[in-house]
Amino acid sequence: MNRVNLSVGIMIIWVLGSLIGQWLPLDVNQIHLEAILKTPGADNWFGYDDLGRPVFDRLLSGSYTSCVVALTVIALSVSMGTVIGTLSAYLGGGFDHIITRIIDIFLAFPGILLAIALAGIMGPGIDNVVIALSVVGWVGFARLARAQTLSVKHREHVIAAEVMGTGRMKIIFRHLIPLISTPVLVEATFGVASVVIAEAGLSFLGLGVQAPDASWGSMIRDGTRYMLVAPHLVLIPGLALMTVVLAVNLAGDRLRDKLDVKMQINKSGV
Amino acid sequence: MLRFILARLFSTIIVVFGVACLVFLLIHLVPGDPVDMMLGENAQMADRQALREALGLNQPVGIQLLNYFVHLLQGDLGTSLHSREPVVQILAERIPATVELAIASLLISCLIAFPLGIIAALNKGRAWDKTAMGVSMLGVSVPNFLLGPVLILVFSIYLGWLPVSGRDGLVSMILPAVTLGTALAAVLSRMIRSTLLEVLHEDFIRTARAKGDSYYQVVIRHALPNAMLPIITLLGLQLGVLLGGAVITETVFSWPGIGKLTIDSIMKRDYPVIQACVLLISLTYVVVNMLTDLVYAWIDPRIRLGQSS
Amino acid sequence: MSDLPGSLSWLWKGCSLLIILFMVACSTPDNHAIRFGLANAPISLDPRFATDATSARINRLLYQRLVDFDEQFRVVPSLADWQRINNTRYRFTLRDVGRLFENGEHLTATDVKATYDYILDAGNASPHRGSLLNIKDIVVIDDNTVDFMLNNADPLFPSFLVIGIVPASVATQGQVLNKYSIGSGAFRFVDWPGNDQLIIERRRDKQRIEFIHVQDTTVRVLKLIRGEVDMLQNDLPKELVRYLEKRESIDVDHLMGNNFSYLGFNLQDPLLADKRIRQAIAHALNKKSLILFLLGGETVSANTLLTPDHWAGLKTSQSYDYNPEFARQLLKSAGYHQSHPLQLEYKTSSDPFRIRIATIIQQQLAEVGIKVRLRSFDWATFYGDIKAGRFQMYSLSWVGIKNPEIFRYVFHSESIPPKGANRGRYSSTVVDELITKAELSVDADQRVKYYQQLQQQLLQDLPYVPLWYEEHFMATNKNISGYQLVKDGNYDGLNQVMKKL
C-alpha cells in the first residue's frame, strides 16, 4: 500500500509541479554567464547549465513538456486505438482483416524506430513529436481493444442489446467499450511511462524540443558534453526522469494486480 | 505443419510488402518539395530537374511505387545524397557493428535475466522475488540514453576502466552491450518469472516432486525446458526492441552501426539512407519474428505433429 | 561446460586464442609516434582540391609552396624567390630546399607550371581556380625558373601562389591525390588506413606523426589524459581547457589567433538594410563578457577582418561599445519598441559551440527588445542558405586570412556568390573604389593607407558586426616538447616537436 501511495504521490507532484511551473516566474532561458556550469550548492538548488541557466527552472519546464506530451499522446492513442480496435473486432469481416493487417504492419517497426523516422523526416519540433508518437501509439491500443472486444462481444447482455435492436454504434460505445475499459486503462498507464521515455529519447536525439526550450531528454544530451566537469547536468534530469517513470510503472503494476484479482473474482462468479 | 509454414510465410510476405510501402510513403511526408529538402534549396533549376528525374519524382506516385519495388527486388537501395556511394555498400559496412552489439547484448541480457527470473519464481512472494522484480522494474524505468552516460560517468571517467565510446576492440563493446542488455534483461526476467510460475503449477511438476526430484532438478530438468517455448518467442520479439534501442545506444557510444547511421542520415537529411536503414531494421525484425514462430512450431510437438483443432 | 566433446573443446580454445590475439593486435599502439588528436578528419591530401582547414594544414606539411607569410602576414619566399620583371610579369627562381618529391623525382619549374595549369583548367573544377584568374600564362624558362604572366597588374600577386606543388606527372595525367600525397614537403605520407588515423613521417629524422580523429570532446580529453593521444590543438570548450590546465601531467599553451568571427547581415533584407538596426545590434552585444566567460584567455575583441598586427591591419579605430541604452534608442528611432518589437531570424550551423554562442547573442539582443529566432542547420544546408542569400543574420568565421585580397572577395559589389563571398549582398561605391585603388597602388605606404580607409568605412557601414579573433590553445602531455603555436592555427610546429619516451 505504501508503495502505491508513494507512486501516486510522485505522479501528483509531477503533474502539479509542471502546471505550477508554468505560472511561476521562472528563469528558464535567462542566461547568467558568470554562473556557467556551477554545481549545486547552498545558494542554488540544482546548479546551472552550460549557459548559466538554472537547472531547477529548466527541470520544471521540462517536466511540463513531458507531462503535456505524454497526456496528449496517450489521450489521442487511446481514443483512436480503442475505437478502431473495437469497431474492427465487432464489425468483423473484410474490415477487420484489413485493420489487422495494418496493425501488423505498424507493429513490424520495432520500438521507437518509426517514431524516430517520422520525427526525423517531418522535421524537429515538439508538435511533430506528438504526431509521430500518436501515429505509432494507437496501434498497441487498437490491438488490445480488438482482442478484448473479441472476447466480450459474445457476452449475454451484448447479444441481448443486439436482439433488442440497439444501434451498432450505441452497442460499441455504451456496452463494449466500458467492458474493456479496465485493461485499456492499465495499458494506458504503462503507455504514459513509455511516452515520457520516448519523448525524452527523441529530444535526446535532437528531434524533439529545439533550443532554447527545455526537455529532460535534451538536458541530458547537452549535459553529456560536460560530464567531465559538471556531471550534475546529466544526473539531475536523469534522476527526475527515472523517478517519474518508475512511479508511473509501479502504479500501473499495482493497477494490473488489482485488475487480475477482479477478473479472477469475476470468472469464478460467472 | 506444412500448412502452418505456408500460412506464416504468406502473412509475412504481406507484412513485408506493407512495411516497404510505408517506408516508401515516409519520404512523401516531407512538408514541401522533397527535392528542395534534399538539395538544401541551393540548387539551380537544372540540378533540381536532374535530381527529380533521377529519383523519379516527376512521375505519378503509382509509377514511383512500382519503380521502388523493382529496384528493391534487384537489391538496389539507391545512392546516398551525401557521399554518392550506393546505399547497399554503406549498409554492408555498418551491419557487422550492429550485429556484434546485438549478439553481445543478447548474451548479457540472458546472463542477467535467467538467474533473476528463476530466483524470483522460486521465491515467489518472498524477499528475493520482490528484490529481483524491483531491479527489473528499475531496468524498465531507466532508458538507455540515461544509463549509457551514467555508466560512462562511473566506469570511464571516474574509474577509468573502460573506454568512453567508439568501436575500438572488444573492451569498447562492454558498456554499450551492458546498456542495451540490461534494458532487455528487465523485460525478459519478468517473462521468465511468470512463465516459470505457470509451468511450476502444472501437474507434471508435482509428479516429479512426488517422485523425489529436488527442487533444483525439477526446475532445470522439467520446468525450464517447458518454459522455453514462450521465452524463445519473447526473445524473438525482443530482438526488435534491441534493434530499436540500438539506435539510441549506438548514438550515445558513437558505435558505428546501422542505428547511428540512421540518426546521422536524419541529421544530414540523406533520405535514401534513412529509408534503407528503416527498411532493413524492420524487415530484419519481421523475418526474425517469422523464424521464431517457425522454430516455436517445430519445437512444440503439438504443432509439429499437426494436432487437429 | 565440463564435459565438452573433444572437438568442441579445441574449438573453444582456438576461439579464445583468436580473441586474445585480436585484442592484443588492436591495442598495440606505436609508442614512438607522436599522436595528434583532431576534431575533424582531413578530407583530401590533394592541395589542388582541399579547402577545409584540417586538410590544408596537413598539406602544408606534405607539400612545398612557392611563397609563405611572415609574422605580419607579408609575403616571403618559400620554395622560390621572385622578381617583378614588369607590371604583369613575375619571375620565380626555385631555391635549394624542398626539391625532392616522395616518389624520387626532382622538383623543377615544369612541376610548378603543371600544378598551376591544372588548377586554371576549368574542366578540373578546382575550388582554388577563382583566386588565380589573373594569370594569363605560365612559361618555363629553365629547370629552376618560371615566369607568370598576368592579365592585369597586381603588386600583391605573389601572395596568391600558396598552392602545394605536385609532380607534373600527376598533374598531366589527371590524377587526383585524395587519399595519399606525393609532395616535396618536410613530411612524407606513410598511411591512411581508416577514416580516423592518418600517419605521416618527418623526413629529416623519421619521426612519425599520427593524426587521430576523435569527434567527441570528452573522449578526446580523456584520450589525452590517458596518453592515447599526445597533443590536442583547439576545438575544446573553455571548461575542458580549464580542466586540462588543472592537471599536473598536461601542459597548456595559448596564443592569439587570426581566425575572425563575425555576425553577417543580409543587406537586401528590408529590416537589415537600415543601418540603425545594425548599429543597434552592434551596441547590444556585450562582447567583453562573452569573451571572458566563453572563450579562451587569448581571445581578443575584433573590429575588422585583419588582425591589428597585420601589415594592413586597422591601427586606430572607433569601436562599438556595449551600450544597450543607446541600442534601444536606435531601435526606437527606427520605429521599434516594446509593443512593436523587431523580429529577426538568426541562422547557425549545428556545431554545439556555435549554437551556444548564438543562444547568448540571442539573449543579449532580447535585452534590448529584439526578438531573435535561432535556427541551426547541418553544414551543407547552412552553407547553401547563406550563399543563396536566404538569411537575415548568421555567424561564421574566416580562417587564416593573410591576403587583403579578401576584401574584394567579401565586400566588393561584384563578389556576390557564386562569384565571391559577398553573401550579404553589400554594395558601396566608396568601398569598391578603395578596394581597386589599394590593389593597384604601387607605393606600399599608400596601399596601407587605402586599406585603413577601407576598413574604417566597413566599420561604419557594418555589413558585418565584427566579433573576435579566437585564440589557439595547445594541450600536450609532459613528454612532448618543441611545439610552437602559430597565429593562423596551422600545424607547422610539428616540424620541431619532439617526444621523450
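Rules used throughout
- Residues numbered from 1 in each chain as written.
- Chains lettered and ligands numbered in written order.
- Predicted model: local features only at pLDDT ≥ 70, side-chain atom pairs only at ≥ 80, totals over all residues.
- Heavy atoms only, no water.
- Helix = DSSP H or I, 4+ residues; strand = E, 2+ residues; numbered from the N terminus.
- Buried < 20%, exposed > 50% of the residue type's maximum accessible area, 1.4 Å probe, protein only.
- Contact = heavy atoms within 4.5 Å.
- Buried area = accessible area lost by both parts, 1.4 Å probe.
- Salt bridge = Lys/Arg side-chain N within 4 Å of Asp/Glu carboxyl O.
- Nonpolar A, V, L, I, M, F, W, Y, C, P; charged D, E, K, R; others polar.
- Polar contact = N/O pair within 3.5 Å; in protein donor to acceptor, adjacent residues only side chain to side chain.
- Phe/Tyr/Trp six-rings, centres within 6.5 Å; stacked < 30°, edge-to-face > 60°.
- Lys NZ or Arg CZ within 6 Å of the ring centre and 35° of its normal.
- Axes fitted to C-alpha atoms, helices over the stretch in contact; angles between N-to-C directions.
- Left-handed = near helix turned anticlockwise from the far one by under 90°.
- Core = buried A, V, L, I, M, F, W, Y, C linked by side-chain atoms within 4.5 Å.
- Expected span 1.5 Å × (residues − 1).
- Arc of directions from axis to C-beta.
- Pairing = 2+ DSSP bridges.
- pLDDT = per-residue confidence, 0-100.

Caption draft 1: Here's a closer look at the overall build of chain A. A count of helices and strands for chain A gives nine helices and zero strands. Starting at the N terminus and ending at the C terminus, chain A contains elements arranged as α-α-α-α-α-α-α-α-α. The buried share among the 270 residues of chain A stands at 53%. Pairs at least 24 residues apart make up 71% of the contacts formed inside chain A by residues separated by at least 6 positions.

Caption draft 2: Expanded view of the interface of chain C and chain A. With 19 residues of chain C in contact, the opposing surface of chain A contributes 16 residues. In terms of surface lost to chain A, no three residues of chain C exceed C:F293, C:R356 and C:Q363, which account for 30% of the buried area on that side. Summed over the shared surface of chain C and chain A, the result is one salt bridge. Close ionic contact of C:R356 with A:D50 constitutes a salt bridge, the shortest N to O distance being 3.7 Å. Among the secondary structure elements, those contributing two or more residues to the side of chain C that touches chain A are α5 (217-226), α6 (238-245), α8 (287-294) and α10 (352-366) of chain C. Broken down by element, the residue count for the side of chain C that touches chain A peaks at six residues, all from α10(C). Of the residues that constitute the side of chain C that touches chain A, the class distribution is 10 nonpolar, six polar and three charged.

Caption draft 3: The interface of chain B and chain A, seen in detail. Taken together, the contact between chain B and chain A spans 42 residues of the former and 40 residues of the latter. The interface formed by chain B and chain A holds one salt bridge in total. Put simply, B:R190 and A:D253 hold a salt bridge, and the shortest N to O gap is 3.6 Å. Taken together, chain B and chain A are joined by one residue pair in polar contact (both at pLDDT 80 or more). Among the elements of the structure, α1 (2-27), α6 (127-141), α7 (144-158), α10 (215-252), α11 (258-268) and α12 (271-299) of chain B are those that each provide at least two residues to the side of chain B that touches chain A. Tallying contributions element by element places α1(B) first for the side of chain B that touches chain A, with eight residues. Considering only residue class, the side of chain B that touches chain A consists of 34 nonpolar, seven polar and one charged.

Caption draft 4: Quick look at the packing of aromatic side chains. Residue and element names in this part refer to chain C. If you walk through the whole model with that rule in mind, you get 31 aromatic pairs over all chains. Judged by centre distance (5.8 Å) and plane angle (85°), the ring pair of Y262 and Y394 falls under edge-to-face. Of this pair, Y262 sits in strand β12 (residues 250-265) while Y394 sits in strand β16 (residues 393-398), and the two are 132 residues apart along the sequence. Of the aromatic side chains, those joined through ring pairs into one cluster are F260, Y262, W311, F382, F391, Y394, F407, F411, Y426, Y451, Y464 and Y469. The ring of Y118 is capped by R48, whose NZ or CZ atom sits 4.1 Å from the centre of that ring.

Caption draft 5: Quick peek at α8(C). Every buried residue of α8(C) is accounted for by C:K287, C:S289, C:L290, C:I291 and C:L294. The inward-facing, buried residues of α8(C) abut α6, β13 (300-301), α10 and β17 (464-477) of chain C.

Caption draft 6: The packing of helix α5 (residues 87-122) of chain B against helix α8 (residues 174-200) of chain B, seen in detail. All names here are of chain B. Following both chains from N to C, one finds α5 and α8 inclined at 35°, their axes separated by 6 Å at the closest point. In the packing of α5 onto α8, the handedness of the crossing is right-handed. The residue inventory of the contact of α5 with α8, partitioned by class, reads 24 nonpolar, six polar and one charged.

Caption draft 7: Looking closely at the nonpolar core. Grouped together as the largest cluster of nonpolar side chains are 174 residues, with contacts concentrated most on C:I281 and C:M393. For this core, the leading source of residues is helix α7 (residues 168-204) of chain A, giving 16 residues. Sequence-distant contacts of C:I281, that is, excluding residues within four places in its chain, are made with C:L263, C:F265, C:L272, C:L344, C:L365, C:I370 and C:M393. Counting residues in hydrophobic clusters, the runner-up holds 33 residues, among them C:F391, C:I401, C:L454 and C:L458.

Caption draft 8: View of the packing of helix α2 (residues 55-91) of chain A against helix α5 (residues 126-152) of chain A. Residues and elements named next belong to chain A. Packing of α2 against α5 leaves a shortest axis separation of 6 Å and a crossing angle of 35°. Read as a crossing pair, α2 and α5 show a hand that is right-handed. Across the contact of α2 with α5, the residue classes tally to 18 nonpolar, 11 polar and one charged.

Caption draft 9: Just helix α13 (residues 429-440) of chain C, in detail. Residues and elements named next belong to chain C. Taking 1.5 Å per residue, 12 residues should reach 16 Å; α13 reaches 17 Å between its end C-alpha atoms and fits that length. Restricting attention to buried positions, one finds in α13 the residues V431, D432, L434, I435, A438 and E439. Down the axis of α13, the buried set is contained in an arc of 165°. They therefore lie on one face. Those residues of α13 that are exposed and aimed more than 90 degrees away from the buried face are T429 and L440. Against the buried residues of α13 lie α12 (406-411) and α14 (444-461).

Caption draft 10: Region of interest: unusual backbone geometry. If you check the backbone angles, A:L37 has positive phi at about 60° while not being a glycine. Position of A:L37 relative to the elements: it lies in the loop between α1 (2-23) and α2. If you check the backbone angles, C:A125 has positive phi at about 50° while not being a glycine. What makes C:A125 exposed here is its relative accessible area of 58%.

Caption draft 11: Region of interest: the sheet that holds strand β5 (residues 89-94) of chain C. Residue and element names in this part refer to chain C. Taking strand neighbours across the sheet as the criterion, the four strands line up as β4-β5-β7-β6 in an open arrangement whose pairing is antiparallel. In this open sheet, the two edge strands, each paired with only one partner strand, are β4 (80-86) and β6 (135-142). Within the sheet, the average angular offset between the axes of one strand and its neighbour, ignoring direction, is 20°. Sheet analysis places β5 next to strand β7 (residues 145-150), joined by five bridges and oriented antiparallel. Opposite R91, over in β7, you have D147 as the bridge partner. Contacting β5, β6 and β7, helix α3 (residues 109-120) runs over the sheet at an angle of about 165° to β6.

Caption draft 12: Region of interest: the pattern of salt bridges. Enumeration according to the criterion identifies 40 salt bridges over all chains in this entry. The closest approach of N and O atoms between C:K487 and C:E71, which form a salt bridge, is 3.7 Å. Within this pair, whereas C:K487 is found in the loop between β18 (480-481) and β19 (498-499), its partner C:E71 is found in the loop between β2 (67-69) and β3 (75-77), the two being separated by 416 residues in sequence. We classify C:E71 as exposed; its relative accessible area is 55%. The network of salt bridges with shared partners includes A:D49, A:R53 and A:R58.

Caption draft 13: Structural context of the confidence of the model for chain A. Overall, the predicted model of chain A reaches an average pLDDT of 86, with 95% of residues at or above 70. Highest mean pLDDT in chain A belongs to helix α8 (residues 216-224) of chain A (92); lowest belongs to helix α6 (residues 156-163) of chain A (80).

Caption draft 14: Layout of the pairing of β16(C). Residue and element names in this part refer to chain C. Counting buried residues along β16, five of its six residues qualify, which places the element largely inside the surrounding structure. Pairing geometry for β12 and β16, over six bridges, is antiparallel. Its bridge partner being in β16, S261 is matched across the sheet by S397. By the bridge criterion, two bridges tie strand β14 (residues 342-349) to β16 in an arrangement that is parallel. In the strand pairing of β16, Y346 is matched with M393.

Caption draft 15: Summary view of the confidence of the model for chain B. Residues and elements named next belong to chain B. Put simply, chain B has an average pLDDT of 81, and 87% of its residues get 70 or more. No element of chain B has a lower mean pLDDT than helix α2 (residues 34-39), which averages 58, and none a higher one than α7, which averages 91. The ipTM assigned to the predicted complex is 0.86, against a pTM of 0.82.

Caption draft 16: Quick peek at the pairing of strand β10 (residues 208-213) of chain C. All names here are of chain C. Within β10, five of the six residues are buried, which leaves the element mostly enclosed by the surrounding structure. As paired elements, strand β1 (residues 34-38) and β10 share five bridges and run parallel to each other. Across the sheet, residue L38 finds its bridge partner in β10, namely H213. Here five bridges tie strand β9 (residues 197-202) to β10, and the two strands are oriented antiparallel to one another. Across the sheet, I200 pairs through a bridge with I209, a residue of β10. The turn joining β9 and β10, which pair antiparallel and follow one another in sequence, is formed by five residues; a positive phi near 60° is taken by K206.

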